[in-house]
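Spelled out, the chains give:
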Amino acid sequence: MLDQLNTLEQEALAQLSAITTNDDLVAWQGKYYGTKRSKGALDEAMTLLGKVSKEDRPAFGKRANEVKQGLTAAYEVKKGEVSRLELEAKMRAGAIDVTLPGRPVQRGRLHPSTQNLRNIAKIFAQMGFEVYRSPDVETDEMNFELLNMPPEHPARDMWDTFYTNTPGVILRTHTSPGQIRSMRELGGNGTKPIRVILPGMCYRYEQVTARSEMQFNQVEGIAIGRNITLADLKGVMGEFGRRMFGGDGQIRFRGSYFPFTEPSVEVDVYLGTATPQARMLTKGTGWLEISGAGMVHPTVLENGGYDPREWSGFAFGMGPERVAMRLHNINDIRNFWANDLRFLEQF
Ligand code: PHE
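The following paragraphs examine the structure supplied in this document.

About the criteria used
- Residues numbered from 1 in each chain as written.
- Predicted model: local features only at pLDDT ≥ 70, side-chain atom pairs only at ≥ 80, totals over all residues.
- Heavy atoms only, no water.
- Helix = DSSP H or I, 4+ residues; strand = E, 2+ residues; numbered from the N terminus.
- Polar contact = N/O pair within 3.5 Å; in protein donor to acceptor, adjacent residues only side chain to side chain.
- Buried < 20%, exposed > 50% of the residue type's maximum accessible area, 1.4 Å probe, protein only.
- Axes fitted to C-alpha atoms, helices over the stretch in contact; angles between N-to-C directions.
- Parallel < 35°, antiparallel > 145°, perpendicular 65-115°, else oblique.
- Left-handed = near helix turned anticlockwise from the far one by under 90°.
- Contact = heavy atoms within 4.5 Å.
- Salt bridge = Lys/Arg side-chain N within 4 Å of Asp/Glu carboxyl O.
- Near = heavy atom within 4 Å.
- Areas by Shrake-Rupley, 256 points an atom, 1.4 Å probe, with all protein chains shown as cover.
- Nonpolar A, V, L, I, M, F, W, Y, C, P; charged D, E, K, R; others polar.
- Phe/Tyr/Trp six-rings, centres within 6.5 Å; stacked < 30°, edge-to-face > 60°.
- Pairing = 2+ DSSP bridges.
- Core = buried A, V, L, I, M, F, W, Y, C linked by side-chain atoms within 4.5 Å.

Section: the side chain of Glu-239
Alright, step 1. Here Glu-239 is to be found in helix H8 (residues 230–245).
Alright, step 2. At 2.5 Å, the side chain of Glu-239 and the side chain of Arg-242 are in polar contact.

Side note on unusual backbone geometry
Alright, step 1. Residue Pro-263 follows Glu-262 across a cis peptide bond; omega there is -5°.
Alright, step 2. Within the secondary structure layout, Pro-263 lies in strand S7 (residues 261–270).
Alright, step 3. Here Lys-283, not a glycine, exhibits a phi torsion of approximately 50°, which is positive.
Alright, step 4. As for its position among the elements, Lys-283 is in the loop between helix H9 (276–281) and strand S8 (287–296).
Alright, step 5. Classification of Lys-283 as exposed rests on a relative accessible area of 72%.
Alright, step 6. Although it is not a glycine, Asn-339 adopts a positive phi angle of roughly 55°.
Alright, step 7. With respect to the secondary-structure elements, Asn-339 resides in the loop between helix H11 (320–328) and helix H12 (341–344).
Alright, step 8. Residue class for Asn-339 comes out exposed when judged on its relative accessible area of 56%.

What to know about the packing of helix H2 (residues 22–33) against helix H4 (residues 57–93)
Alright, step 1. For the pair H2 and H4, the least separation of the axes is 10 Å and the interaxial angle reads 165°. It follows from the interaxial angle that H2 and H4 lie roughly antiparallel. Here the hand of the crossing between H2 and H4 comes out left-handed. Counted together, Asn-22, Leu-25, Trp-28, Gln-29 and Tyr-33 of H2 and Lys-68, Leu-71, Thr-72, Tyr-75, Lys-78, Lys-79, Val-82 and Glu-86 of H4 form the full contact between these two elements.

Some details on the pattern of salt bridges
Two side chains that carry opposite charge are able to pair once their charged atoms sit near each other.
Alright, step 1. Per the stated rule, a full pass over the model turns up 15 salt bridges.
Alright, step 2. Its salt-bridge partner being Glu-81, residue Lys-78 comes within 3.2 Å of it at the nearest N-O pair. Taken together, the positions of Lys-78 and Glu-81, both in helix H4 and 3 residues apart, correspond to about one turn of that helix.
Alright, step 3. Relative accessible area serves as the criterion here: at 6%, Lys-78 is assigned to the buried category.
Alright, step 4. On the accessibility criterion, Glu-81 (29% relative accessible area) is partly exposed.
Alright, step 5. Note that Asp-332 is salt-bridged to Arg-334, the shortest N-O span being 2.8 Å.
Alright, step 6. Overall, the relative accessible area of 16% leaves Asp-332 in the buried class.
Alright, step 7. The class for Arg-334 is partly exposed, based on a relative accessible area of 36%.
Alright, step 8. A single network of salt bridges, built from pairs that share partners, joins Arg-252, Arg-254, Asp-268 and Glu-289.

Comments concerning the site of the ligand
Alright, step 1. Residues in close proximity to the ligand total 15 residues, the closest being His-174, Ser-176, Arg-204, Gln-218 and Glu-220.
Alright, step 2. His-174 places a side-chain nitrogen or oxygen 2.9 Å from a nitrogen atom of the ligand.
Alright, step 3. Gln-218 places a polar side-chain atom, nitrogen or oxygen, 3.0 Å from an oxygen atom of the ligand.
Alright, step 4. Computed on the free molecule, the ligand has an accessible area of 320 Å², of which 93% lies beneath the protein chains in the complex.
Alright, step 5. Of the residues forming the shell around the ligand, the biggest block, 3 residues, is contributed by strand S9 (residues 312–318).
Alright, step 6. Classifying every residue of the shell around the ligand by side-chain character gives 6 nonpolar, 7 polar and 2 charged.

Focus: the packing of aromatic side chains
Ring pairs (aromatic) are described by centroid distance and by the angle formed between their planes.
Alright, step 1. Summed over all chains, the structure comprises 17 aromatic pairs.
Alright, step 2. With centroids separated by 5.1 Å and ring planes inclined at 45°, the aromatic side chains of Trp-28 and Tyr-32 adopt a geometry described as tilted. Note that Trp-28 and Tyr-32 are positioned in helix H2 at a spacing of 4 residues, about one turn of the helix. Across this residue pair, the class does not change: Trp-28 and Tyr-32 are buried.
Alright, step 3. One aromatic cluster is present, built from ring pairs that chain together Phe-124, Phe-129, Phe-240, Phe-314 and Phe-316.

Quick notes on the sheet that holds S8
Whether parallel or antiparallel, the strands of a sheet pair through hydrogen bonds between backbone atoms.
Alright, step 1. Within the open sheet, the 7 strands sit side by side as S1-S4-S5-S9-S8-S7-S6. Their pairing is mixed. Sheet topology places strand S1 (130–131) and strand S6 (251–256) at the edges, where each strand pairs with a single neighbour.
Alright, step 2. Bridging between S8 and S9 involves 5 bridges; their strand directions are antiparallel. Its bridge partner being in S9, Ser-291 is matched across the sheet by Met-318.
Alright, step 3. Together, S1, strand S4 (194–203), strand S5 (215–225) and S9 form the strand contacts of helix H5 (residues 112–126), whose direction differs from that of S5 by roughly 10°.
Alright, step 4. Most of the contacts of H11 go to S5, to which it runs at about 110°, and overall it touches S5, S8 and S9.

Quick look at the nonpolar core
Alright, step 1. Judged by nonpolar contacts, the single largest core of 33 residues is most densely connected at Phe-124, Met-237, Phe-240, Phe-245, Ile-290, Phe-314 and Phe-316.
Alright, step 2. Sort the elements by how many residues they give to this core and H8 lands first, with 6 residues.

Put into C-alpha cells, the structure is as follows:
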C-alpha cells in the first residue's frame with residue numbers, strides 16, 4: 001500500500017517538474033487534488049486507508065499526509081515559476097525594438113493654391129501692401145456698375161456671370177469690386193492713401209477647360225495716393241516679378257482694355273531665356289504674362305470717394321493659379337480643385 005503512495009508521489013512530482021504553462025499546471029492540480037466534477041488521485045489514495053490493516057494505518061496516514069504536503073509545497077514553487085515564465089514570454093512577445101526606425105507620421109499640408117497665395121501676399125507685404133478681404137457674393141452694383149459698367153454696358157460680356165435667385169446679387173466674376181470696397185472702407189472719404197491686395201475666389205459661368213476653371217483665385221491690388229503714376233505700377237510689377245520668378249524684373253506693358261482702368265494694360269514680366277526653367281515658363285519668348293492692370297479710372301475713383309483731380313492710383317488683377325501653373329509646370333488648371341492626392345502631395 002505504501003508503495004502505491006510512493007509511486008503516486010514520484011509520478012506527480014515528475015509530471016509537475018515538466019510543466020511550463022499555467023494550463024498544464026491547472027490540469028495537474030485537477031488530476032491530483034480533484035475538481036468540482038471529479039475526485040483527485042490523492043483523494044482516491046485516501047480511500048485506500050480503509051483497506052489498510054489496523055496496525056499499518058498510522059504509518060500509512062502519516063505517509064499520505066507527507067505526500068500531500070510535499071506535493072502542495074512543490075505545486076506552490078512551480079506556480080511561482082510558471083507565472084514568472086509566462087510573464088517573461090509575454091514581455092518577450094510585446095517587446096519593443098527601440099532600434100527600429102519610427103513609423104512616418106502622415107501630416108497634412110497647405111493646399112498648393114494656399115501656399116501660392118501666401119507667397120504672393122508675402123511679396124506684396126514687403127512692398128507695403130496689406131491683405132484686405134471682400135465678399136465672394138457680391139452685388140451687380142459692386143461687380144459692374146461702380147466699376148464703370150452700367151447695365152447693358154457691352155463690356156459686361158467679358159465676364160460670364162453666375163446669378164443668384166436674389167435680383168442684383170451675383171457671385172463676383174473678379175476681385176475688382178474689392179477696389180470700391182477698400183477705397184470706401186479704408187480711404188476715409190477720399191482723404192487717406194491706401195495700398196492693399198485682395199486675394200480671393202472668383203466665379204465665371206464658363207466652359208471648364210485645361211486653361212480655365214469656373215472658379216479660381218485672383219489677387220487684386222490697388223494703390224491710391226496723391227502722385228501715383230503708371231511708373232509706380234511698372235515698378236511694383238517688376239519687383240513682384242523679380243521676387244516671384246527671379247530674372248531681372250523688366251516689365252512689358254501691352255495695351256489692353258478694361259472699363260475701370262485708363263489706360264489699361266496687360267503685364268508681362270521678363271524672365272529671359274537663359275535657363276531651361278525660364279524658357280519653359282515663357283515658351284521661349286522670355287516674357288510671362290501675369291496680370292491685367294491700369295490706372296484707376298476717374299469715375300471709379302469718384303465711386304470710391306476720391307476726387308480724381310487730386311488723387312490717382314493703379315490697380316491690377318492677377319491670376320495666381322496661372323502664376324503657379326507656370327511656376328510648377330502644371331498643365332491643367334483643373335488639378336487645383338480635383339482633390340487628387342497624387343497631385344496635392346507634390347507640394
Ligand atoms: N478684373 C480684371 C479681370 O478680371 C483684371 C484687372 C484688375 C484689370 C484690375 C485691371 C485692373 O480680368
